[in-house]
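Listed below are the residues making up each chain.
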Amino acid sequence: MESTFTDVKNAILALAQPERAALIARFFQTGPGQYGEGDQFVGLSMPKQRAIVRQYSNVSVREVEKLVSDPVHECRMVGLLIWVNQSQKSDLAQQTTIREHYLANRRYINNWDLVDVTCPHIVGKYVALSGDSSSLYELANEPNLWSQRIAIVSTMALIRLGQFSDTFAISEILLSHKHDLIHKAIGWMLREVGKRNTDALEEFLHDHTRKMPRTALRYAIERFEPARRRYYLDM
């Protein structure tokens, strides 16, 4: 028998920790004018959320959508992680369906943890298997912070395969972005490229260092030797 949205949400609420929730809400900047404004937390740790995901892995796509659109942050995370688990165990057709529902509900994937923990395994994995990266460019060009972060962080799946061209191209699109969360994401993905191919990263840096946000640059060169870091910081 398939589990339902109500089953999963009740399991989440049963583990609520109000004091911890207040701390998490401040960490994710949920105050007026902040990037997570209005988000609601009940205080579950990631290990507890993942335990719920393992327990309720048989939820239908439609029931997961109810979780993903729920105002409680942990419900959205658990729903998205259920999709990640289901995608890992399914064929390309089912992965495509999950990806379509993921992107159709992306307005609810509205904080950096929701994006980072899930999009490489759903959006990025689809691109890696299908060879079609057009959706990444569509997301990168949307006037939405979280869609843009999905675009760049999803390239992690390609980086792991030694494919860097989409990471570089999407980084170029987003280099003039004003938000620090995009700067960090760009730098993070470039650093991941550098772990696998330092020459490829340095070629990109030689062409773009002078117009890169400093946060992105610092993240990208974090693993360099001090003298090499200073070289790029002084360019």
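Residues numbered from 1 in each chain as written. Predicted model: local features only at pLDDT ≥ 70, side-chain atom pairs only at ≥ 80, totals over all residues. Heavy atoms only, no water.

1. Section: the overall build of the protein
No. 1: Helix and strand content of the protein: 15 helices and zero strands.
No. 2: Computed over its C-alpha atoms, the radius of gyration of the protein comes to 19 Å, within 12% of the 18 Å expected for a compact globule of 235 residues.
No. 3: C-alpha extents for the protein along the principal axes are approximately 60 × 40 × 30 Å.
No. 4: Of all 235 residues assigned to the protein, the portion counted as buried reaches 54%.
No. 5: Sequence-distant contacts, at least 24 apart, represent 67% of the contacts inside the protein between residues at least 6 apart.
No. 6: Counting every atom, the protein has about 11100 Å² of accessible surface; 49% of that belongs to carbon and sulfur.
No. 7: The centroid of the 29 positive side-chain charges in the protein is displaced by 5 Å from the centroid of its 27 negative side-chain charges. (Helix = DSSP H or I, 4+ residues; strand = E, 2+ residues; numbered from the N terminus. Rg over C-alpha atoms; globule rule 2.2 N^0.38 Å. Buried < 20%, exposed > 50% of the residue type's maximum accessible area, 1.4 Å probe, protein only. Contact = heavy atoms within 4.5 Å. Areas by Shrake-Rupley, 256 points an atom, 1.4 Å probe, with all protein chains shown as cover. Lys, Arg positive; Asp, Glu negative; His and termini not counted. Charge placed at Lys NZ, Arg CZ, Asp CG, Glu CD.)

2. Focus on the packing of aromatic side chains
No. 1: Applying the stated criterion across every chain, the model contains nine aromatic pairs.
No. 2: Seen from their ring centres, Phe28 and Trp112 are 5.2 Å apart, and the 35° between their planes marks the pair as tilted. Of this pair, Phe28 sits in the loop between helix H2 (18-27) and helix H3 (46-55) while Trp112 sits in helix H7 (residues 112-130), and the two are 84 residues apart along the sequence.
No. 3: Members of the aromatic cluster, joined through ring pairs, are Phe27, Phe28, Phe41 and Trp112.
No. 4: Between the NZ or CZ atom of Arg99 and the centre of the ring of Tyr126, over which it lies, the distance is 4.1 Å. (Phe/Tyr/Trp six-rings, centres within 6.5 Å; stacked < 30°, edge-to-face > 60°. Lys NZ or Arg CZ within 6 Å of the ring centre and 35° of its normal.)

3. Quick look at the nonpolar core
Note that soluble globular proteins tend to have their nonpolar side chains buried in a common cluster.
No. 1: The biggest cluster of nonpolar side chains holds 69 residues, and the ones touching the most others in it are Trp83, Tyr102 and Leu205.
No. 2: It is helix H5 (residues 73-88) that provides the largest number of residues to this core, a total of eight residues.
No. 3: Contacts of Trp83, omitting those with residues within four sequence positions, involve Val61, Val64, Glu65, Val68, Ile98, His101, Tyr102, Asn105 and Ile122.
No. 4: Ile24, Ala25, Phe28 and Phe41 belong to the second largest nonpolar core, which has five residues in total. (Core = buried A, V, L, I, M, F, W, Y, C linked by side-chain atoms within 4.5 Å.)

4. Looking at the side chain of Asp70
No. 1: Among the secondary structure elements, Asp70 is positioned in the loop between helix H4 (61-68) and H5.
No. 2: Separated by 2.9 Å, the side chains of Asp70 and Lys9 make a polar contact. (Polar contact = N/O pair within 3.5 Å; in protein donor to acceptor, adjacent residues only side chain to side chain.)

5. Let's talk about the domain arrangement of the protein
No. 1: Once the domains are mapped, the protein shows domain 1 (1-109) and domain 2 (132-234).
No. 2: Opposite the six residues of domain 1 that make contact, domain 2 presents eight residues.
No. 3: It is Tyr35, Arg106 and Ile109 that lose the most area in domain 1 upon contact with domain 2, and together they represent 72% of the buried surface on that side.
No. 4: Here domain 1 is connected to domain 2 by one salt bridge. (Domains from an automatic or database assignment. Buried area = accessible area lost by both parts, 1.4 Å probe. Salt bridge = Lys/Arg side-chain N within 4 Å of Asp/Glu carboxyl O.)

6. Quick word on the packing of H5 against H7
No. 1: Axis separation between H5 and H7 bottoms out at 10 Å; the angle between their running directions is 25°. In terms of orientation, H5 and H7 fall into the roughly parallel class. Between H5 and H7 lies a crossing whose hand is left-handed. Along its contact with H5, which presents His73, Arg76, Met77, Leu80, Leu81, Trp83, Val84, Ser87 and Gln88, the element H7 presents Asp113, Leu114, Val117, Thr118, His121, Ile122 and Lys125. (Axes fitted to C-alpha atoms, helices over the stretch in contact; angles between N-to-C directions. Parallel < 35°, antiparallel > 145°, perpendicular 65-115°, else oblique. Left-handed = near helix turned anticlockwise from the far one by under 90°.)

7. Concerning helix H13 (residues 198-208)
Count 3.6 residues to each turn of an α-helix, and residues three or four apart come out pointing the same way.
No. 1: All of the buried residues in H13 are Ala200, Leu201, Glu202, Phe204, Leu205 and His208.
No. 2: Each element contacted by the buried residues of H13 is listed here: helix H11 (165-174), helix H12 (180-196), helix H14 (214-220) and helix H15 (226-233).
No. 3: For H13, the N-terminal cap is Asn197; the gap from its side-chain oxygen to the backbone nitrogen of Asp199 is 3.2 Å.

8. Points about the pattern of salt bridges
No. 1: Using the criterion set out here, one finds 12 salt bridges in the structure.
No. 2: Close ionic contact of Glu65 with Arg62 constitutes a salt bridge, the shortest N to O distance being 3.0 Å. Here the residue Glu65 and the residue Arg62 both occupy positions in helix H4, the gap between them amounting to three residues, near one helical turn.
No. 3: Classification of Glu65 by relative accessible area gives buried; the value is 15%.
No. 4: Judged by relative accessible area, Arg62 falls into the exposed class, the value being 58%.
No. 5: Here the salt bridges do not stand alone but share partners, grouping Glu192, Lys195 and Arg196 into one network.

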